[in-house]
Amino acid sequence: SQQGEEDPQALSIQEGENATMNCSYKTSINNLQWYRQNSGRGLVHLILIRSNEREKHSGRLRVTLDTSKKSSSLLITASRAADTASYFCATDAGLTGGGNKLTFGTGTQLKVEL
Amino acid sequence: DAGVIQSPRHEVTEMGQEVTLRCKPISGHNSLFWYRQTMMRGLELLIYFNNNVPIDDSGMPEDRFSAKMPNASFSTLKIQPSEPRDSAVYFCASSLAPNSRQPQHFGDGTRLSIL
């Protein structure tokens, strides 16, 4: 089964609105990362949150992590058309010793309309 | 700064042919990852290297797939013989150090179509 699964699978909003995407995972982690993928391009790292952190900000991005619920959320505030992309969470192997191997979720396709 | 460079960007070939995908990681990065992305299965890790040594190849689907990293600046993923179900986008990524706190930097992928 997927280590990370995003919700919703697709999200369509108007420019200026906020977008919230959620990620659930199954096993313990050390870190959780969020990536963006524009159509036809590779993934781009957005932000990393450690298991002992609850919230982190970077520009218009806010990430939360709830290890008790094994979930994370990514909030994009004041969205722009350029934010249109797929967003993925990625988790490491935690205590199982998987090194720097990451498992990516299924992704949320965000469309920001003018 | 140059990012991760993959070649070719697109490859179309007939079933049974050998396919070689190439990757040049970011200079100074010690970890390299090969992924495959499809609509059905999402993004799957095939294999990764730390300091040119394969660490985990459990994601390599079959013996038809092989990967090498002869030096710190070059890696190849080879499929021989290729099959239509291998059609996918293949990504290479690199990171600075072999720990999960490092972000991975992705190339723009090779879109592979096996006819």
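As shown above, the structure is provided for reference.
All values reported here derive from a predicted model rather than from experimental measurement.

Student: With reference to specific residues and values, describe the overall build of chain A.
Tutor: A count of helical and extended segments in chain A gives zero helices and 11 strands. When the helices and strands of chain A are listed from N to C terminus, the series reads β-β-β-β-β-β-β-β-β-β-β. In terms of C-alpha radius of gyration, chain A reaches 14 Å, essentially the compact-globule figure of 13 Å for 114 residues. Overall size of chain A, expressed as C-alpha extent along the three principal axes, is 45 × 30 × 20 Å. Burial status across chain A gives 45% buried among its 114 residues. Pairs at least 24 residues apart make up 57% of the contacts formed inside chain A by residues separated by at least 6 positions. In the form shown here, chain A has an accessible surface area of approximately 5,500 Å², with 45% of it arising from carbon and sulfur atoms. Taking the 13 positively charged and 11 negatively charged side chains of chain A as two groups, their mean positions are separated by 6 Å.

Student: Talk me through the state of the cysteines; I want residue IDs and the actual numbers.
Tutor: All names here are of chain A. Per the stated rule, a full pass over the model turns up two disulfides over all chains. Through a disulfide, Cys23 is tied to Cys89; the S-S separation comes to 2.0 Å. Classification of the bridge connecting Cys23 and Cys89 rests on its S-S torsion, roughly 65 degrees, and on that basis the disulfide is right-handed. One end of the pair, Cys23, is in strand S3 (residues 19-25); the other, Cys89, is in strand S9 (residues 85-91), and 66 residues separate them in sequence. Note on accessibility: Cys23 and Cys89 belong to one class, buried.

Student: For the side chain of Ser86 of chain A, give the residues involved together with the corresponding values.
Tutor: All names here are of chain A. Within the secondary structure, Ser86 is located in strand S9. By relative accessible area, which is 16% here, Ser86 ends up buried. Excluding its chain neighbours within four sequence positions, the residues that come into contact with Ser86 are Tyr35, Arg36, Gln37, Thr108 and Gln109.

Student: Help me get a handle on the packing of aromatic side chains, residues and values and all.
Tutor: Per the counting criterion, the structure on display carries eight aromatic pairs over all chains. Aromatic pair Phe104 of chain A and Tyr35 of chain B: ring centres 5.5 Å apart, planes at 85 degrees, arrangement edge-to-face. Here Phe104 of chain A is found in strand S10 (residues 103-104), whereas its partner Tyr35 of chain B is found in strand S4 (residues 31-38) on a different chain. By the burial criterion, Phe104 of chain A is buried, and Tyr35 of chain B matches it. Each residue in the set Tyr35 and Phe104 of chain A together with Phe33, Tyr35, Tyr48, Phe91 and Phe106 of chain B is aromatic and connected to the rest through ring pairs, giving one cluster.

Calculation criteria
Residues numbered from 1 in each chain as written. Chains lettered and ligands numbered in written order. Predicted model: local features only at pLDDT ≥ 70, side-chain atom pairs only at ≥ 80, totals over all residues. Heavy atoms only, no water. Helix = DSSP H or I, 4+ residues; strand = E, 2+ residues; numbered from the N terminus. Rg over C-alpha atoms; globule rule 2.2 N^0.38 Å. Buried < 20%, exposed > 50% of the residue type's maximum accessible area, 1.4 Å probe, protein only. Contact = heavy atoms within 4.5 Å. Areas by Shrake-Rupley, 256 points an atom, 1.4 Å probe, with all protein chains shown as cover. Lys, Arg positive; Asp, Glu negative; His and termini not counted. Charge placed at Lys NZ, Arg CZ, Asp CG, Glu CD. Disulfide = S-S within 2.5 Å. Phe/Tyr/Trp six-rings, centres within 6.5 Å; stacked < 30°, edge-to-face > 60°.

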